[in-house]
Amino acid sequence: MTTANLDQLRERAQFIRTETVRLIEIAKSGHYTSVFSAAEILSTLYYHTMSISSDPKWVDRDRLILSKGHCAVGVYPILADKGYFPTAWLDNYARIGSPLGDHPDMRKVPGIDFSSGSLGHGLSIGLGMAMGLKQQKSPGRAFVLLGDGELNEGQIWEAAQAAAHFQAGNLIAIVDRNGMGLDARTEETMRIEPLADKWTAFNWQVHECDGHNLSELVNTFDNLPSNSDKPQVVIAHTIKGKGVKYMENSRLWHLGYLHGADAQATIEEIIHYEHA
Amino acid sequence: MTTAKSTQTKSTEQALGLKEGPATRDAFGEALRELGRTNAKIVVVDGDVSNSTRTEYFAKDFPERFFNMGIAESNLVSVASGLAAAGKTPVAASFAVFLLCNAYDQIRMGVAFPKLDVKLVGSHSGISIGEDGPSQMAIEDLALATSFPNFTVIVPADAPSTKAATRAMFEYEGPVYLRTGRPKTAIIYANDGTNGSTEEIPFEIGKANQLREGNAVTIIACGIMVAMALEAAHTLSQNGIEARVLDMHTIKPLDNEAVERAARETGAIVTAEEHLITGGLGDAVARLVAMRQPVPIQFVGVNDTYAESGEAQALLKKYGLTASNIVDAAKQVIARKS
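These numbers come from a predicted model, not from an experiment. (Residues numbered from 1 in each chain as written. Chains lettered and ligands numbered in written order. Predicted model: local features only at pLDDT ≥ 70, side-chain atom pairs only at ≥ 80, totals over all residues. Heavy atoms only, no water.)

1. A few points about the overall build of chain A
Within chain A one finds 10 helices and 5 strands. In summary, chain A has a C-alpha radius of gyration of 17 Å against a globular reference of 19 Å for 276 residues, a match within 12%. Residue pairs in contact within chain A that sit at least 24 positions apart in sequence constitute 76% of those at least 6 positions apart. Taken as a whole, chain A presents about 10,900 Å² of accessible surface, with 50% of it coming from carbon and sulfur. Across chain A, 25 positive and 33 negative side-chain charges occur, with their mean positions spaced 4 Å apart. (Helix = DSSP H or I, 4+ residues; strand = E, 2+ residues; numbered from the N terminus. Rg over C-alpha atoms; globule rule 2.2 N^0.38 Å. Contact = heavy atoms within 4.5 Å. Areas by Shrake-Rupley, 256 points an atom, 1.4 Å probe, with all protein chains shown as cover. Lys, Arg positive; Asp, Glu negative; His and termini not counted. Charge placed at Lys NZ, Arg CZ, Asp CG, Glu CD.)

Structure follows, in structure tokens:
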């Protein structure tokens, strides 16, 4: 990975954040901070890690299931950028008649690999895809972006158990470990630590990294084993609302609406944000 | 496994010459195995009950296409969704009650909403599973399955039509719920000497089979209640009342035309189902009749209660699911005709 590529990934992460602010102003409601914690993860996956093509239906592509479906607003600009649908669709985001809703619909949006919005289902969906891909001897992998709060759901652990049992080495879970749920910090609401130990106990191979450090993300994904019989999990340590100081680690912006000068000022802040 | 007992009464056999046949779950299992040979896209996920749902027949012949997901129905259904999204045609099988009740949200979000080609098969439906008791008895499953947009819901009456239904289910692309039962079931579709071959069984999704003509009342039934409807019609005929009998094997989409015609031509309807009288066949028929051709209706089914453990025949009698209950309902509904 060259520096230039890292610069491109950084620019795309910034693009994800600024577009999120722009689109939510159109919808008048949206999930800022859940996108912002995942911006570098999404940038790395879509612009470096995943094997995808100009055809969103390519059978051997890598899939991404947005188990935390409320981050879809940050993914739509990427899919438009990939040419999967006209960028003009973005300008009508979440308005009546638009294919682009607050949560993603695979039947309406090219490039969305599965519909989501009820938390806790995505890892099982990814496992089913991984099993199907493996059976047809496809090199395709299934990536699943999980929120950390949704790890409270029992189904996640049903899927974790089954994925190890079926040796789904082509299943990669990514935990956006921003530490915050809707009401409070995850550890206050319902403790999920020791998280790495749990995945290890479920017989997954565990990787941890700084989820905003593009170099670490790139290295982590580059070093995933290609022929493992263990499912892989990347615990990406992130900050909810990352990239906008007044949103970072705040529970006030999980769902919100910025407009006019406020939206513009926030976009300016994102552009001038000093990343470590 | 205990030996499943028949729900058929001696009087049915004597009156109609209906012979006892295999359970509908057995027929499903056999048909699935047969289809597995020609349709390589079929894969099966089961929840550690393959010897009860009969997906074990498929598992034995196609072990590489069978995944036992253990006792975790939510995960099982979502895995099926993922398999469908990867180009497979998955069957997700378990006891009807656990499949629909435990995994309702997963079915909604991962099967119904994206309209995926997932075939849900729930066995051990209704109260005729007997001694296993009310926790295992699906009496709400039709209400839950028919509540989903994009869903097709099928309740076959006997073993031969279950095989036909299973074939039809795979010819159709989209979400289906197929309901099977545990006990041996009277054979309806091969007893007239002309339908000896299962291939000849009339089965079209969404199209009722009229089994008997009549003009005084129509009995609309599904599942094991179809045999009882025929028995009831026989009894009514001996009393000078000619009842039409419809095997409404598809609850959704309902055969609106057959129901409307029944209302118009016979002026009274009895529905019969091994399910709560709310949310299933009776409700669907009543809704259509109310809109198109209002006539009196009586409902035979489980009436707002859970059942109990017991011998299947005794349970069906205690909870009002017999031919005699249908006869009574028919007489009552005829008396209400204006």
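2. Focus on the interface of chain B and chain A
Interface size is commonly expressed as the accessible area that is lost once the parts come together. With 26 residues of chain B at the interface, the matching set in chain A holds 24 residues. Elements that contribute at least two residues to the side of chain B that touches chain A include exactly strand 3 (66-68), helix 5 (73-85) and helix 7 (104-112) of chain B. No other element matches the 9 residues that helix 5 of chain B contributes to the side of chain B that touches chain A.

3. Things to note about the side chain of Thr152 of chain B
All names here are of chain B. Here Thr152 shows up in strand 6 (residues 152-154). Residue Thr152 is classed as buried on the basis of its relative accessible area of 3%. If we ignore the near neighbours within four places in the chain, the residues touching Thr152 are Tyr172, Pro175, Val176, Tyr177, Ile205, Thr250, Lys252 and Pro253. (Buried < 20%, exposed > 50% of the residue type's maximum accessible area, 1.4 Å probe, protein only.)

4. A closer look at unusual backbone geometry
Cis geometry is found at the peptide bond from Glu193 of chain A to Pro194 of chain A, where omega equals 5°. In this fold, Pro194 of chain A is placed in the loop between helix 7 (186-189) and helix 8 (195-201). Here the bond from Lys252 of chain B into Pro253 of chain B is cis, since omega is 0°, no more than 30 degrees from zero. Among the structural elements, Pro253 of chain B can be located in the loop between strand 12 (250-252) and helix 11 (256-266). With a phi close to 55°, Gln167 of chain A is a non-glycine residue in the positive phi region.

5. Notes on the nonpolar core
One finds Leu42, Leu123, Leu171, Ile174, Trp199 and Trp204 of chain A together with Met69 of chain B to be the most contacted residues of the largest nonpolar core, which totals 138 residues. Counting residues per element, this core draws most heavily on helix 1 (residues 3-27) of chain A, at 8 residues. Taken domain by domain, the makeup of this core includes at least three residues from each of domain 1 (21-186) and domain 2 (209-335) of chain B. Judged by nonpolar contacts, the second largest core, of 65 residues, contains Ile42, Ala227, Ala268 and Ala272 of chain B. (Core = buried A, V, L, I, M, F, W, Y, C linked by side-chain atoms within 4.5 Å. Domains from an automatic or database assignment.)

6. Observations concerning the pattern of salt bridges
Across all of its chains, the model carries 27 salt bridges over all chains by this definition. Residue Asp113 of chain A is joined to Arg61 of chain A by a salt bridge in which the shortest nitrogen-to-oxygen separation is 2.9 Å. Taken together, the residues Asp113 of chain A in the loop between helix 4 (72-81) and helix 5 (122-135) and Arg61 of chain A in the loop between helix 3 (39-49) and strand 1 (63-66) connect sequence positions 52 residues apart. Taking the relative accessible area as the measure of exposure, Asp113 of chain A reaches 8% and is therefore buried. Between Lys318 of chain B and Glu308 of chain B there is a salt bridge whose closest N-O contact spans 2.7 Å. You can see Lys318 of chain B sitting in helix 13 (residues 312-318) and its partner Glu308 of chain B sitting in the loop between strand 14 (297-302) and helix 13, a full 10 residues away along the chain. Residue classification places Glu308 of chain B among the partly exposed positions, given a relative accessible area of 27%. Three or more residues joined by partner-sharing salt bridges are found here, namely Asp148, Arg177, Glu187 and Glu193 of chain A. (Salt bridge = Lys/Arg side-chain N within 4 Å of Asp/Glu carboxyl O.)

7. As for helix 9 (residues 214-222) of chain A
Residue and element names in this part refer to chain A. Within the span of helix 9, buried status applies to Leu214, Leu217, Val218, Thr220 and Phe221. The buried residues of helix 9 occupy one face: seen down the axis, they fall within an arc of 165°. Its side-chain oxygen placed 3.0 Å from the backbone nitrogen of Ser215, Asn213 serves as the N-cap of helix 9. (Arc of directions from axis to C-beta. Polar contact = N/O pair within 3.5 Å; in protein donor to acceptor, adjacent residues only side chain to side chain.)

8. So, the confidence of the model for chain B
Low-confidence regions, as indicated by low pLDDT, have predicted coordinates that should not be scrutinised in detail. All names here are of chain B. Averaged over all residues, the pLDDT of chain B equals 94, while 93% of them reach at least 70. Scored below 50 in pLDDT, residues 191-196 shows 8 contacts in the model against residues more than four places distant or in partner chains. The ipTM value of the predicted complex is 0.95, and its pTM value is 0.95. (pLDDT = per-residue confidence, 0-100.)

9. Things to note about the domain arrangement of chain B
Residues and elements named next belong to chain B. Under the domain assignment, chain B is made up of domain 1 (21-186) and domain 2 (209-335). Put simply, the middle of domain 1 and the middle of domain 2, counted by C-alpha atoms, are 25 Å apart. Counting residues at the interface gives 29 residues for domain 1, matched by 31 residues for domain 2. Roughly 2,200 Å² of surface becomes buried between domain 1 and domain 2 when both sides are summed, with 63% attributable to carbon and sulfur atoms. On the domain 1 side of the contact with domain 2, Ile127, Ile139 and Val155 bury the most area, a combined 28% of that side's loss. Seen at the junction of domain 1 and domain 2, the total is 0 salt bridges. One can count 18 residue pairs in polar contact (both at pLDDT 80 or more) joining domain 1 with domain 2. Only helix 8 (141-146), strand 6 and strand 8 (184-186) provide two or more residues apiece to the side of domain 1 that touches domain 2. For the side of domain 1 that touches domain 2, the leading source of residues is helix 8, giving 4 residues. (Buried area = accessible area lost by both parts, 1.4 Å probe.)

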